[in-house]
Structures are given as structure tokens and as C-alpha cells.
Amino acid sequence: MQSLVVARPVKKAIVLAALLTASLPLYGCYTPGERALGGGVIGGLGGAGIGALASGGLAGPTLAAGAIGAAGGALIGAATAPTPRYYYRRHYARRHYY
């Protein structure tokens, strides 16, 4: 298997750009279940990518890193779900006598 010869800072920039791009779908998720699912997918793909780069493409470390990334992404995604906000305007609750 032939690998690409890329400088280390360029690899870091490519991985960072891929992670930022992959996190964009999480901005529209509001429930903890949606956030956990999206975080698990992004974490699994990111972990598998990092595991493949670190191990030289071996299957075992790649799958292990993907599983760890998916579990971590699901936990972080569920934990960072915003709380639902119910907007209540006080002036609707008051009685107005004119």
C-alpha cells in the first residue's frame, strides 16, 4: 500500500477542516437523541480516520478508534443538547382594563 507523502502541518489542517465540516450538521439538532446520533456518527468517522492515519491503515486499530470516537461523540452530543425554551410573554398573562 502506498501512502501520500504530506507534511505534518498539512495533515493536521486537513483533519481539522474535515472535523469542522463534519460538525456542521449538529447545529440544527435540538433534542438529546438527535445530538447523540449526530455526534456518534461524526465521532465514529473522525475516530476511524484518525485511527487509519495513525496505524497506517490496519483494520484493528482503525475499528477500535472508530468505536471509541462514536461512543465519545454520542456522549458529548447528548450532553451538549440545548434545553428547550418556552417563550412566555408576561403581557399576555395580564388583564388589560381600558
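Residues numbered from 1 in each chain as written. Predicted model: local features only at pLDDT ≥ 70, side-chain atom pairs only at ≥ 80, totals over all residues. Heavy atoms only, no water.

Visitor: What exactly am I supposed to notice about the overall build of the chain here?
Guide: When you go through the chain residue by residue, the secondary structure sums to four helices and zero strands. Ordering the α and β elements of the chain from the N terminus gives α-α-α-α. Counting every position in the chain, which comprises 98 residues, the buried fraction comes to 20%. In the structure as shown, the chain presents an accessible area of about 7900 Å², 69% of it carried by carbon and sulfur atoms. (Helix = DSSP H or I, 4+ residues; strand = E, 2+ residues; numbered from the N terminus. Buried < 20%, exposed > 50% of the residue type's maximum accessible area, 1.4 Å probe, protein only. Areas by Shrake-Rupley, 256 points an atom, 1.4 Å probe, with all protein chains shown as cover.)

Visitor: Is there a simple way to think about the confidence of the model for the chain in this case?
Guide: Caution is warranted with low-pLDDT regions, since their predicted coordinates should not be read in detail. Of all residues in the chain, 72% attain a pLDDT of 70 or more, and the chain-wide mean is 79. Here helix α4 (residues 90–93) stands out as the least confident element of the chain, with mean pLDDT 56; helix α3 (residues 59–79) is the most confident, with 93. (pLDDT = per-residue confidence, 0-100.)

Visitor: Help me out: how do you make sense of the side chain of T62 in this one?
Guide: Among the secondary structure elements, T62 is positioned in helix α3. For T62, the side chain forms a polar contact with the main-chain oxygen of L58, separated by 2.6 Å. (Polar contact = N/O pair within 3.5 Å; in protein donor to acceptor, adjacent residues only side chain to side chain.)

Visitor: Even after reading the chapter, I still don't get helix α2 (residues 32–55), so can you show me in this structure?
Guide: Spacing of three or four residues puts side chains on the same side of an α-helix, whose turn is 3.6 residues. Counted at 1.5 Å a residue, the expected span for α2 with its 24 residues is 34 Å, and the 33 Å between its end C-alpha atoms agrees. Along α2, the positions that sit buried rather than exposed are R35, A36, G38, G39, G40, I42, G43, G44, G46, G47 and G51. Packing partners of the buried residues in α2 comprise α1 (8–22) and α3. (Expected span 1.5 Å × (residues − 1). Contact = heavy atoms within 4.5 Å.)

Visitor: Just checking my understanding: could you explain the side chain of R35 for this structure?
Guide: In this structure, R35 sits in helix α2. The side chain of R35 is buried and forms no salt bridge, while E34, the nearest opposite charge, is found at 8.0 Å. Separated by 2.9 Å, the side chains of R35 and T80 make a polar contact. (Lys, Arg positive; Asp, Glu negative; His and termini not counted. Salt bridge = Lys/Arg side-chain N within 4 Å of Asp/Glu carboxyl O.)

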